[in-house]
Amino acid sequence: MPQMGESIFEGTITKWLKKTGDKVQRDEPLFEISTDKVDAEIPAPASGVLQEIKVSEGNTVQVNTVVGVIGDGGGASATPAKAAAPTSTPAPAAVAPASPKKETPAPPPAASAPSDEEDSDVRSSPLVRKLAREHDVDLAKLSGTGTGGRVTKQDVLDFVEHRTAAPVPAPASRQPSAPAPAAIPGDLVPMSQMRKIIAQRMIESRRTSAHVHCMFEVDMTRIVNLRNKLKNGFEQRHGARLTFMPFFVRAAIIALQQYPIVNGSLEGDSVRYHKNVNAGIAVALDWGLIVPVLKNAGELNFLGLQRGITDLGERARSKKLTPTDIEGSTFTITNPGQFGAVFGLPIINQPNVAILGVGGITKQPMVITDKDGADSIAIRSVVHLTLGYDHRIIDGALADQFMLVVKKSLENWGEEVG
């Protein structure tokens, strides 16, 4: 059981991705775990055969507990490869090599696989490196679109697609986990570890903060037209889709800089005013909800925001987040509108004192007043934004002033998109 963070002492094995007798490759996803902070997919520390599963699914064990054994198939131990450079997913000693029963050399690594030295300077996850080896891609030649230049899975797939002029599907082992099968009416199904944690934290937040919500209607026509005009070129230049989320994050950052108490937190009877804006971006998963954090978001330009948001979302859905990726948020943004909701009344993500809910962007008739004061009716792209805030330290007037800045920033967008 890997050590996923200093404050994590145990984990639950939620799924074995291999069964006893299966061959495994180093860095190949081996099993999934759930902790009180994050769900993660754990890679194999060595190549060989999974000889024994010592801890079955659903069981919780302390970190550093041996949960399985990898050997060479004949009883000899599989020699773990030299530790790779640090990546977003730790390369833990999750599975112990089997005790050797005879002098049998460990199988050599595949000739086509690049050595650790070759990719140690490239920021990427073990899964990305394995995908690169499978498609004979030199990671050093790719320009990473992830945070800090990290090479992502999509970077590799895009490179292969452009090289072959044909879409290349991801390997089966990289497909996102399928949602749990629907329960049959009458069944009693235990809650998952993640679901238990979400339930606990939502109840705690309701009991902790005095929740109040305000909602603003925002004309997004200018941004919708801008995105439609630039999205193809943006993706070609930067290798990342142009989404609406960085527009909302940037507008929130501008407002947070003017009203820093909304970016604060309560510590007893005192208010902590945070130096940086660490934006929590809620990501809906097939198996729950998680809020990875875009650190120092106020220091990023628009392209940096888009790359950071894309990277966090990708790693959340592929279970590659680490505990540090979901810690330290100072303000949270959630987007129920992606599923068609007009607006939502989100619960505050503790210890934040506010959360911004983004509704769906829809076309609606609006009264437009020109510079001469004449009114007309026009079809506009409209979004409803909701601010959930803690009334213990934020009053309604301040919340409305904060939202007015967000509204004006979006409706009068003038920042370079890239």
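Everything below is about the structure printed above this text.
Residues numbered from 1 in each chain as written. Predicted model: local features only at pLDDT ≥ 70, side-chain atom pairs only at ≥ 80, totals over all residues. Heavy atoms only, no water.

## Some points on the sheet that holds strand β6 (residues 60-62)
The strand order across the open sheet formed by four strands is β4-β3-β1-β6, and the pairing between neighbours is antiparallel. Strands with a single pairing partner mark the edges of an open sheet, and in this sheet they are β4 (39-43) and β6. Shown here is a sheet whose adjacent strand axes are inclined to one another by a mean of 40 degrees, direction ignored. As defined by bridge partners, strand β3 (residues 29-34) adjoins β4 across five bridges and the pair is classed as antiparallel. Across the sheet, E32 pairs through a bridge with E41, a residue of β4. (Pairing = 2+ DSSP bridges. Helix = DSSP H or I, 4+ residues; strand = E, 2+ residues; numbered from the N terminus. Axes fitted to C-alpha atoms, helices over the stretch in contact; angles between N-to-C directions.)

## Focus on helix α8 (residues 396-411)
Turn by turn, an α-helix covers 3.6 residues, leaving residues three or four places apart pointing in a common direction. The end-to-end C-alpha separation of α8 is 22 Å, in line with the 22 Å expected for 16 residues at 1.5 Å each. For α8, the complete set of buried residues consists of A399, F402, M403, V405, V406, K407, S409 and L410. Check the buried side of α8 and you find it contacts β9 (211-219), α5 (221-238), α6 (245-258), β16 (331-334), β17 (354-358) and β19 (375-390). (Expected span 1.5 Å × (residues − 1). Buried < 20%, exposed > 50% of the residue type's maximum accessible area, 1.4 Å probe, protein only. Contact = heavy atoms within 4.5 Å.)

## Structural notes on α5
Helix length check: α5, at 18 residues, gives a terminal C-alpha distance of 24 Å against a target of 26 Å (1.5 Å per residue), a fit within 8%. Approximately 50 degrees is the largest bend angle found in α5, and it occurs at L230. All buried positions along α5 are accounted for by T221, I223, V224, R227, G233, F234 and H238. Residues of α5 that are buried make contact with β9, α6, α7 (302-317), β19 and α8. At the exit of α5 stands G239, carrying a positive phi of roughly 70 degrees. (Bend = angle between axes of the 7 residues up to and from the residue.)

## Quick notes on unusual backbone geometry
Here Q350 and P351 are connected by a cis peptide whose omega angle stands at 5 degrees. Looking at the element boundaries, P351 is found in the loop between β16 and β17. The residue N64 is not glycine, and still its phi comes out positive at about 70 degrees. Within the secondary structure, N64 sits in the loop between β6 and β7 (68-71).

## Quick word on the packing of aromatic side chains
In total, this model carries five aromatic pairs according to the counting rule given. Here the aromatic rings of W16 and F31 are separated by 4.9 Å at their centres, their planes lie at 45 degrees, and the arrangement is tilted. Of this pair, W16 sits in strand β1 (residues 10-16) while F31 sits in strand β3, placing them 15 residues apart in sequence. With a centroid separation of 6.0 Å and 75 degrees between ring planes, the pair formed by F302 and W413 is classed as edge-to-face. Taken together, the residues span a long stretch of sequence, with F302 in helix α7 and W413 in the segment after α8 at a distance of 111 residues. (Phe/Tyr/Trp six-rings, centres within 6.5 Å; stacked < 30°, edge-to-face > 60°.)

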